[in-house]
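Single-letter residue listing:
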Amino acid sequence: PDPRVDEHVSGWSEVEVIEGASRGDDRPLVAEAIRFLTAPPDAPFFLFLHFMGTHWPFRSEATCPGERDRQRRYGCATEAADRLLGDVFDALQSAGLSDNTVIVVTSDHGEFLGEHDRWYHSFTVFDALLRVPFVLYEPGGTPRIVTTPTGCFDVMKTVLSAANPGPGIALWGQDFRTDAPTSERPQFARDAVSDPHRTSRVTRAVVLGGIKL
């Protein structure tokens, strides 16, 4: 355990801080994940990788053309993250786990790249921050695209249901693997109300039936 992360992390069997990851270099993190996957445990496991390269200053492992432009730097960082994810997926396949592992790629927030005259992520509920990717791969699952608004409880229920947790697990939200999507269920959002440095009022939003207030 490391005091730098203990106050933010609980319930894990093992916590490890990878040097360099907090500065936006995700390569040491991926290298450690690949090391783990070369000798995975016999029991089911949950491996969580928090990439930081797409946070400012938008790190990429190679020289980025036009790197003084923030939008281009973000594009380079996203491409770097994509390549590193590919390395993790290759390691899963080499370990013989691709047909027995649920894979999820998502994000905790979006990023302003000049929209609304804003940069990075700040105290708003604009779609640039709220609409994030959520991709779930389930071996043997039926491919589908969900276009209705999806919230955090839906993500949790969908992911845990795909992992087949067994009976006795009651979860809120929709399992988008099996439930029929509906646009009649509202989704709510609010900005970073817990930030002690904020000086403005809290901003909230609700999305229902294709309308956002």
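Above this text you will find the structure in question.
Counting restarts for each chain, with residues numbered from 1 along the sequence as it is written. It should be noted that, the model being predicted, local features are given only for residues of pLDDT at least 70 and side-chain atom pairs only at 80 or more, the latter also being counted only at that level, while totals for whole chains, interfaces and linings use all residues. Side-chain metrics rest on all non-hydrogen atoms present in the structure, leaving aside hydrogens and water.

**Focus on the overall build of the chain**
Secondary structure elements are taken from DSSP: a helix is a run of H or I of four residues or more, a strand is a run of E of two residues or more, and numbering for both begins at the N terminus. Assigned secondary structure in the chain consists of 5 helices and 7 strands. In sequence order, the secondary structure elements of the chain are arranged as α-α-α-β-β-β-α-β-α-β-β-β. Here the chain holds 213 residues, and 23% of them are scored as buried. We call two residues in contact whenever any of their non-hydrogen atoms come within 4.5 Å of each other. Contacts in the chain between residues far apart in sequence, at least 24 positions, make up 46% of those at least 6 positions apart. In this scheme, a residue with accessible area under 20% of its type's maximum is buried, one over 50% is exposed, and one in between is partly exposed, where area comes from a 1.4 Å probe on protein chains only.

**Observations regarding the pattern of salt bridges**
What counts as a salt bridge is simple: a side-chain nitrogen of Lys or Arg found within 4 Å of a carboxyl oxygen of Asp or Glu. According to the stated counting rule, one finds 7 salt bridges in the structure shown. Arg72 is the salt-bridge partner of Glu79, the closest N and O atoms lying 3.8 Å from each other. Given the relative accessible area of 38%, Glu79 is considered partly exposed. Take Arg72: its relative accessible area is 33%, and that puts it in the partly exposed class.

**Observations concerning the pairing of strand S6 (residues 204-208)**
In short, DSSP must find at least two bridges between two strands for them to pair. Of the strand pairs in this sheet, strand S5 (residues 187-190) and S6 are connected by 4 bridges, and their pairing is antiparallel. From the neighbouring strand, Gln187 faces S6, where its bridge partner is Val207. Counting the residues that bridge the hairpin from S6 to strand S7 (residues 211-212) gives 2 residues, and of these Gly209 lies at a positive phi of roughly 60 degrees.

**A word on the nonpolar core**
Residue types Ala, Val, Leu, Ile, Met, Phe, Trp, Tyr and Cys, when buried and joined through side-chain atoms within 4.5 Å, form a set referred to as a nonpolar core. With 11 residues, the main nonpolar core is built from Leu29, Val30, Leu37, Phe51, Ala81, Leu84, Val88, Ala91, Leu92, Leu97 and Ile103. Elements with a minimum of two residues in this core: helix H2 (27-38) and helix H3 (70-94). Looking at this core, the element that brings in the most residues is H3, giving 5 residues. Excluding residues that lie within four positions of it along the chain, Leu37 makes contacts with Phe45, Leu47, Val88, Ala91, Leu92, Ala95 and Leu97.

**Describing helix H5 (residues 152-162)**
Among the residues of H5, those classed as buried are Asp154, Thr158, Val159 and Ala162. Axial view of H5: buried residues confined to an arc of 120 degrees, hence all on one face. Those residues of H5 that are buried lie in contact with strand S1 (103-106), strand S4 (134-137) and S5. Downstream of H5 by a residue or two, Asn164 has a phi angle that is positive, lying close to 55 degrees. This arc describes the spread of directions from the helix axis toward the C-beta atoms.

**Here we look at the packing of H2 against H3**
To get an axis, a line is fitted to the C-alpha atoms, and for a helix only the part in contact is used. The angle between two axes follows their N-to-C directions and goes from 0 to 180 degrees. Two elements in contact, H2 and H3, have axes separated by 9 Å at closest approach and are oriented at 5 degrees. In terms of orientation, H2 and H3 fall into the roughly parallel class. Along the contact surface, H2 presents Arg27, Val30, Ile34 and Leu37, while H3 presents Leu84, Asp87, Val88, Ala91 and Leu92. In terms of residue class, the contact of H2 with H3 is made up of 7 nonpolar, no polar and 2 charged. Throughout, the term roughly parallel applies to angles under 35 degrees, roughly antiparallel to angles over 145, roughly perpendicular to angles from 65 to 115, and oblique to all others. Put simply, Ala, Val, Leu, Ile, Met, Phe, Trp, Tyr, Cys and Pro go in the nonpolar bin, Asp, Glu, Lys and Arg in the charged bin, and everything else, Gly too, in the polar bin.

**A look at the environment of Arg190**
As for its placement among the helices and strands, Arg190 is situated in strand S5. Residue classification places Arg190 among the exposed residues on the basis of a relative accessible area of 55%. Separated by 66 residues in sequence, Arg190 and Thr124 place their C-alpha atoms 7.7 Å apart. Once residues within four sequence positions are removed from consideration, Arg190 is found in contact with Val125, Thr203 and Arg204.

**With respect to the side chain of Thr124**
By secondary structure assignment, the location of Thr124 is in the loop between strand S3 (119-120) and helix H4 (127-130). Within the local environment of Thr124, its side chain forms a polar contact with the backbone nitrogen of Phe126, the two atoms lying 3.4 Å apart. Ignoring any residue separated from it by four or fewer positions in sequence, one finds Thr124 in contact with Phe112, Arg118, Leu129 and Asp191. Pairing of N or O atoms within 3.5 Å defines a polar contact, subject to two protein rules: one partner must be a possible hydrogen donor and the other a possible acceptor, and residues neighboring in sequence count only if both atoms are side-chain atoms.

**Notes on the sheet that holds S5**
Spatially, the 3 strands line up as an open sheet ordered S5-S6-S7, and their pairing is antiparallel. Pairing within the sheet leaves two strands with one partner each, and these edge strands are S5 and S7. Sheet topology note: the S6/S7 ladder contains 2 bridges and is antiparallel. Bridge pairing links Val207 to Lys212 in S7.

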